Structures are given as C-alpha cells and as structure tokens.
Amino acid sequence: MTNEKNHILVVDDELSMRELLVIMLEKKGYRVSCAESGTKAVAFLRKEKVDLLLCDIRLGDISGIDVLKIAKEENPHAVVIMISAFSSAENAVEAMNAGAYDYVPKPFDNAELILTIQNALDLKTVQQEKRDLDGEMSPRDLHFGKIVGNSPRMMYIYDMVRQVANTRTNVLITGESGTGKELIARAIHEQSDRKEKPFVIINCGGIPETLMESEFFGHKKGSFTGASHDKKGLLETAHKGTVFLDEIGEINQSFQVKLLRAVQEKSFKAVGDTRDLFVDIRIITATNRNLTQEVIGGRFREDLFYRLNVIEIKVPPLRERKTDIQLLAQHFLDKYSKEMGKQVTKISSYAIELLKKYNFPGNIRELENLLERSVALTSTNILLPDSLALSVNKKRWIEGVKDRRFDLDEVAHGVSLDNIMTEIERAYLEKALEYTNGNKNKAAELLGITFRSLRYRLEKLTL
Ligand SMILES: Nc1ncnc2c1ncn2[C@@H]1O[C@H](COP(=O)(O)OP(=O)(O)OP(=O)(O)O)[C@@H](O)[C@H]1O
Ligand SMILES: [Mg+2]
C-alpha cells in the first residue's frame, strides 16, 4: 500500500479524540497532522498539502463545514470525511453537498473508520491516475497518428518520420519483430504528400522465388505457363504512392540484381515485355535481420543495401522503452474492451509493474496479444495482476526475468523492491534445480544455502 505517503489532517477540538485518531492512523502508516481549532486547520491547509481531512463538525470557533469548504478550495482533490457527535441528516447533507466524501457519526467503530479512510484514499488514487492519463492524453504528446508511445526514443522517431515524409528518400526501417516497423512505414506515407495515393505492401518473404519478378514487375500474357493475361506488377500499382518492401532480407541474390536496377532507375521491364516502364514511387524497406551482417556475409548486395538505406530508422525493442508500456497497455485495453463489448477500463498499477518486468521478446505484438487475452479472461472491470498471470506464458515470463536488464533508473518511476528480489530468487532457484535435475540437496549447495532454507524458499514461491 501507499499509506505512508498519504498525509491526513485531523481536526478536532477535543484532545482525547485527536490523540486516539493519531495513534490509530499512524499505526496504519499514514502521516498525520493535527489542528485543535477551525482557524488553525485553515492556516494549516493554506500552507500544506493534505490528502485527507478528517474534521469534526463542531469546533470551538468556525464550523467544520467552513473548514471543509476552504480545504476544497485549496485542494479540490483532497478527500474530506466529516465526523460529528451531533449527527443529523441536515448536517450530513450539507457536508456532502459541500464536497465531503463521507459523514461519520460519533461514536464510531475504529475499524470501520479506518476502512472508510482507506477506501476514500484508494478511490482518490484511482481518480488521480485517471486524471493523469486524461491530462496526458493530449494527442500531441502521447502518440503520433496510430503510433502510441511518448518515450524519448519514440519521440525521436516521430521527428525522423516528419523530416523524411516529404522527401523521396528511401528509408530502411530496422528493428526486432513486432516493434511497429510497418506502422512507422505507414506513418511516413500518411505524413507525405503521397498520402492520397496507394501504399503498397510487398512481403518479400512470402513470395515464391519463381514468382518474384512477375509480382514486382508484372507480366505479359503468355510469357510463362499460367500467364493467361497481362498482369500489372506491384511496383506499377504503387505509381505516385509508396512501396513498402517488408522483410527485404529475404530476397535472393539474383533478384537483388533486378531490384537494384528498379530502385536505381525507377524503371523495369514486365516479364515477357521489351519496353521499360517508369514509375514514380517512394521506397520504404524493413527488416528484422541485421542487414549489415548480411552484407558482410555476402548474402546481401552492398550496392542495393546503400540504395535502400539512405536513411535508417532504428525502432527500439519494447524492453528498451518501458515507459511506453503503460500507455500501450491502456491503448490495447481500450481497444479490446470495446471490441469485446466489455467495460474493462483500467489496469491496476501493480499489473503494470508486472508488465514492466517482462522483457517482451515479441515486443508490442506480444503485449497486444497479452492484453487481448487478459481482457477476454477478466471478470472485473479493472485488470488485476491475476488476470495477466492467467494469460501469460509462465515459462517465457521467467525467461524474461532471466534476461532482465537491470535498469536502475527505473527507480525514478517507483519500483517494488520486494517483487524484484522475489523474481531474482525465483529465477536462480529454477536454474539451480534445472542444473541438478531437481536434486534439492545439490541445488542448495550450488546456491550456498541450506537444504531447509531451499525448501522454505520453494514453498514460499510455490515452485
Ligand atoms: N507504438 C505502437 N502503438 C500502437 N500499436 C503498435 C505500436 N507498435 C506496434 N503496434 C502494433 O503491434 C503490432 C505489430 O506491429 P508491426 O506489424 O508494425 O510490427 P513489425 O515491426 O512490422 O513486426 P514484424 O517484423 O514481425 O513484421 C501491430 O498490430 C501494430 O499495430
Ligand atoms: Mg512487419
């Protein structure tokens, strides 16, 4: 819980009551301040920020309702709970209308009062998070067209997209699978003055070698068995628009030569034709291979590589921009909640923390699938860690932990040290058991702990 961060102001003219409340609340980990009169409470509220105000209605001087009103003026998001021995419906209604969260009659049940306070503060946190999100949701800051994310690395990519959009420069987009290369290619097209013209995707890995030429350049009727009529090539259909050559690393050497000419001269011959066709196209390519390595290994022509790679946009893997996880998760949550006709509106902060610990080898595509499954499985309107754990592939999660790079700067956003330690412990225990084929004595030895300690830890982690 985040109790210790919450600051509560107790206002009551009766010393014994103040003392009781202070002891009770401090025991729960809250930071508590006191005021013995309405005037002192007001002075306090004007100089310090409180999360919750617990205020008696009858004070020696000004009324508790006035303190409530001033508290709301000073900090509209503060939670106010009014307490009174002279409980009357009238007082309650007045207090609620003035913005009190609740009205508690004296004498109150201690446990119940604590629960009311806890619930009020939880609600406040949820509302705050929602406000943060709404506030942040100004389209400019949070996404770029359909691309969600505002990490510095993505902002840099948006800048590049803007800069190259209206040129004819060939762009190579590199990055692991599922990082959003296609989305970025589309964004370049949509930002360019070609946006009304076709955006043609050619999946180089999906075309049989024998059909490459005909698919790219077209063919004349009768030029080969099965060519029953003239067919336009994909490059021609993209005239005046953009061609996106996906998985460019997959094309073979002989076709690389032909493609080089087409890219260089923006002209080519259809299969079985003698005439040259000229097209006005902007070429964007993408690959999840390391093309430089392919060039060094002699599998990819250097001249073609330099033609295509005039500008390179490197899309970072999700694990290197974890600050985008919350936005992306919320984006996919909204998407699938809507699609499935569910009312899942929020992801618990703890679930987000779990997601940030996973290293997402499948990047955003994997996060999207994970959220889709989680939304399908959840029965509550807030996505809790449980519904994530249900749908995530446990083994890969552990792999993720093992590969986890320790990003100490994460601490700036708040981390759970306990969770981090537990995961490290779990990963080491599993590894030790793997090495020893499940022999607990040997595993304990490898880990430098006693057998009893190992057994205790295994039970604790339910391994
Ligand atoms: N920043 C993002 N914001 C929102 N959705 C995204 C983002 N990045 C990727 N996606 C979504 O994730 C999925 C994978 O993205 P995309 O197909 O562009 O990845 P890719 O890099 O081309 O992957 P591959 O190399 O496997 O082809 C798509 O459904 C895409 O819409
Ligand atoms: Mg792709």
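Enquirer: Outline the site of ligand 1, supporting the account with residue identities and numerical values.
Expert: Of all residues adjacent to ligand 1, which total 17 residues, the nearest are Val148, Ser177, Gly178, Lys181 and Arg365. A distance of 2.6 Å is found between an oxygen atom of ligand 1 and a side-chain nitrogen or oxygen belonging to serine 177. Within the complex, the protein chains bury 84% of what would otherwise be the 630 Å² of accessible surface of ligand 1. Contributions of two or more residues to the shell around ligand 1 are made by strand S7 (147–148), helix H8 (181–191), helix H14 (325–339) and helix H16 (363–377). Taken together, the residues that form the shell around ligand 1 break down as 6 nonpolar, 5 polar and 6 charged. Built from parts of two domains, the shell around ligand 1 gets at least three residues from each of domain 2 (143–314) and domain 3 (319–394).

Enquirer: If you had to explain the pattern of salt bridges to someone new, which residues and values would you point to?
Expert: Considering all chains together, one arrives at 26 salt bridges under this definition. Between aspartate 324 and arginine 321 there is a salt bridge; the shortest N-O distance is 3.8 Å. By relative accessible area, arginine 321 is classed as buried at 2%. Ionic contacts of the salt-bridge type, sharing partners, join the residues Glu250, Arg289, Glu294 and Arg299 into one network.

Enquirer: Any details on the sheet that holds strand S12 (residues 242–246)? Residues and values, ideally.
Expert: Ordered in space as S9-S12-S15-S8-S16, the 5 strands form an open sheet in which the pairing is parallel. In the strand order of this sheet, the two ends are held by strand S9 (199–203) and strand S16 (311–314), each with one partner. Averaged over all adjacent pairs, the angle separating strand axes in this sheet is 20°, with direction ignored. Bridge count for strand S8 (residues 171–174) against S16 is 4 bridges, and the pairing is parallel. Considered in S16, the bridge of leucine 172 is made with glutamate 312.

Enquirer: A description of the sheet that holds strand S4 (residues 79–84) should follow, citing residues and the corresponding values.
Expert: In space, the 5 strands of this open sheet follow the order S2-S1-S3-S4-S5, with parallel pairing throughout. In this open sheet, the two strands that pair with only one neighbour each are strand S2 (31–35) and strand S5 (102–105). Geometrically, the sheet is characterised by an average inter-axis angle of 20° between neighbouring strands, direction not taken into account. Judged from the 4 bridges that link them, S4 and S5 form a sheet pairing that is parallel. Each residue of the ladder has a partner; that of isoleucine 83, found in S5, is valine 104. Against the sheet, helix H1 (residues 15–27) contacts strand S1 (7–11), S2, strand S3 (52–56) and S4, and its axis sits at roughly 170° relative to S2.

Enquirer: I'd like a rundown of the confidence of the model for the protein, residues and numbers included.
Expert: Caution applies to low-pLDDT regions: their predicted coordinates should not be interpreted in detail. Overall, the predicted model of the protein reaches an average pLDDT of 86, with 88% of residues at or above 70. Within the model, pLDDT remains below 50 along residues 136–140, and this stretch shows 5 contacts once partners closer than five positions in the same chain are excluded.

Enquirer: Explain the packing of helix H7 (residues 152–165) against H8 residue by residue, including any values.
Expert: The geometry of H7 relative to H8 is characterised by a closest axis approach of 8 Å and an angle of 45° between their N-to-C directions. What the angle tells us is that H7 and H8 run oblique. Between H7 and H8 the crossing geometry is right-handed. Here Ile157, Val161, Arg162, Val164 and Ala165 of H7 lie close against H8, whose contacting residues are Ile184, Ala187, Ile188 and Gln191. Of the residues belonging to the contact of H7 with H8, the class tally is 7 nonpolar, 1 polar and 1 charged.

Enquirer: Outline the packing of aromatic side chains, supporting the account with residue identities and numerical values.
Expert: Evaluated as defined, the whole model comprises 8 aromatic pairs. Each ring, one from phenylalanine 199 and one from phenylalanine 244, has its centre 6.1 Å from the other, and the planes form 15°; the classification is stacked. With a gap of 45 residues between them, phenylalanine 199 in strand S9 and phenylalanine 244 in strand S12 connect regions that are remote in the sequence. Of the residues examined, phenylalanine 244 reaches a relative accessible area of 0% and is grouped as buried. One aromatic cluster in this structure is built from Phe216, Phe217, Phe255 and Phe268. The positively charged end of lysine 431 is found above the aromatic ring belonging to tyrosine 435, 5.8 Å away from the centroid.

Enquirer: Explain the nonpolar core residue by residue, including any values.
Expert: One finds Phe216, Leu235, Leu245, Ile248, Ile251, Leu259 and Phe300 to be the most contacted residues of the largest nonpolar core, which totals 29 residues. Of all the elements in the fold, those that place two or more residues in this core are S9, helix H9 (212–217), S12, helix H11 (253–265), helix H12 (291–296) and helix H13 (302–308). Sequence-distant contacts of isoleucine 251, defined by excluding residues within four places in its chain, comprise Cys204, Met212, Gln256, Leu259, Phe300 and Leu304. Core analysis: the second largest hydrophobic core is formed by 24 residues, Phe332, Val344, Ile347 and Leu388 among them.

Enquirer: Give me the lowdown on the side chain of serine 337, citing residues and values where you can.
Expert: Summarising the element assignment, serine 337 is placed in helix H14. You can call serine 337 buried: its relative accessible area is 5%.

Thresholds, definitions, all that
- Residues numbered from 1 in each chain as written.
- Chains lettered and ligands numbered in written order.
- Predicted model: local features only at pLDDT ≥ 70, side-chain atom pairs only at ≥ 80, totals over all residues.
- Heavy atoms only, no water.
- Near = heavy atom within 4 Å.
- Polar contact = N/O pair within 3.5 Å; in protein donor to acceptor, adjacent residues only side chain to side chain.
- Areas by Shrake-Rupley, 256 points an atom, 1.4 Å probe, with all protein chains shown as cover.
- Helix = DSSP H or I, 4+ residues; strand = E, 2+ residues; numbered from the N terminus.
- Nonpolar A, V, L, I, M, F, W, Y, C, P; charged D, E, K, R; others polar.
- Domains from an automatic or database assignment.
- Salt bridge = Lys/Arg side-chain N within 4 Å of Asp/Glu carboxyl O.
- Buried < 20%, exposed > 50% of the residue type's maximum accessible area, 1.4 Å probe, protein only.
- Pairing = 2+ DSSP bridges.
- Axes fitted to C-alpha atoms, helices over the stretch in contact; angles between N-to-C directions.
- Contact = heavy atoms within 4.5 Å.
- pLDDT = per-residue confidence, 0-100.
- Parallel < 35°, antiparallel > 145°, perpendicular 65-115°, else oblique.
- Left-handed = near helix turned anticlockwise from the far one by under 90°.
- Phe/Tyr/Trp six-rings, centres within 6.5 Å; stacked < 30°, edge-to-face > 60°.
- Lys NZ or Arg CZ within 6 Å of the ring centre and 35° of its normal.
- Core = buried A, V, L, I, M, F, W, Y, C linked by side-chain atoms within 4.5 Å.

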